[in-house]
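Results of the structural survey
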Amino acid sequence: MKNMSDILKGRRVSARDRKLLRIFNLSPSGARKAASVKKLAETLGFEVEQVDLPPGVSGCLVQELFAENGYRIEVNQRQRVEARRWAVLHEIGHYFLHADHTDPFAFGMNLDRSGETFYTNPQEEREANEFAEVLLFGDNALEAALDLYGKNIENLRRHFGVSEKTLRIALRQFCPNR
Ligand SMILES: [Zn+2]
């Protein structure tokens, strides 16, 4: 299974950001409490906001002049916390994998409206989800949590702050033999 360094290979990502991404899943904020994705995003220079988005749209990435890295992540305030967390990580993925940071006009056409059909490049959507998955579960984070909790789905789910469905998919992908 992939690690964060595989995902970022060949990408233009600063050493500081690489480090922040690499240590994210090593630092849950305490027993059974998931690491804050909002804090991660803000440390990476994004603004993060909960807004009213159309049903079915989880999040989007918008240019924001006043954000440290030039982008704001908007998440749908009507969705559950697990969905909002996932959306933040997914949008961070788009930023590192698909945004051409030097050309805001090129990126302006790529605003993510996951779930709506007018924007969707399925390949980019898959890559952004894979990024989120590896950020959470990669680099042996899921293995380590299994060692800690055993196969207690509820504890594992809380540890990562994801839905049960996401957790079960991750278990199949990252730890098929456990
Ligand atoms: Zn997307």
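Residues numbered from 1 in each chain as written. Predicted model: local features only at pLDDT ≥ 70, side-chain atom pairs only at ≥ 80, totals over all residues.

Secondary structure assignment for the protein yields 9 helices and 3 strands. A total of 178 residues make up the protein; the buried ones form 33% of that total. Put simply, of all contacts in the protein between residues at least 6 apart along the chain, 62% involve residues at least 24 apart. (Helix = DSSP H or I, 4+ residues; strand = E, 2+ residues; numbered from the N terminus. Buried ≥ 20, exposed ≤ 12 C-beta atoms within 10 Å, placed from the backbone. Contact = placed C-beta atoms within 7 Å.)

Let us look at the sheet that holds strand β2 (residues 59-63). A sheet is described by the order of its strands in space; here 3 strands give the open sequence β1-β3-β2, paired in mixed fashion. The open sheet terminates on both sides in strands that have one partner only, identified here as β1 (47-51) and β2. Going from strand to strand, the sheet's axes swing by 25° on average, the running direction of each strand aside. Across 5 bridges, β2 lies against strand β3 (residues 71-76) in antiparallel orientation. When the sheet's bridge partners are listed, C60 is paired in β3 with E74. (Pairing = 2+ DSSP bridges. Axes fitted to C-alpha atoms, helices over the stretch in contact; angles between N-to-C directions.)

Next up on the list: the nonpolar core. A41, I73, V88, L89, L135 and L136 are the most contacted members of the largest nonpolar core, which totals 38 residues. Elements supplying a minimum of two residues to this core: α3 (37-43), β2, β3, α4 (81-98), α6 (122-137), α7 (141-149), α8 (153-160) and α9 (164-174). Sequence-distant contacts of L136, that is, excluding residues within four places in its chain, are made with N25, L89, A141, F160 and V162. (Core = buried A, V, L, I, M, F, W, Y, C linked by C-beta atoms within 7 Å.)

To continue, consider the packing of α4 against α6. In contact at an axis separation of 8 Å, α4 and α6 are set at 115° when each is read in the N-to-C sense. Here the hand of the crossing between α4 and α6 comes out right-handed. Together, W86, L89, H90, G93, H94, L97 and H98 of α4 and E124, E127, A128, N129, F131, A132, L135 and L136 of α6 make up the contact between the two elements. Tallied by class, the residues present in the contact of α4 with α6 amount to 8 nonpolar, 5 polar and 2 charged. (Left-handed = near helix turned anticlockwise from the far one by under 90°. Nonpolar A, V, L, I, M, F, W, Y, C, P; charged D, E, K, R; others polar.)

To continue, consider α7. The complete set of buried residues in α7 reads A141, L142 and A145. On an axial view of α7, the arc spanned by its buried residues comes to 95°, and they lie on one face. Looking at the packing, one finds that the buried side of α7 touches α6, α8 and α9. Once α7 finishes, G150 follows within two positions and takes phi at roughly 65°, a positive value. (Arc of directions from axis to C-beta.)

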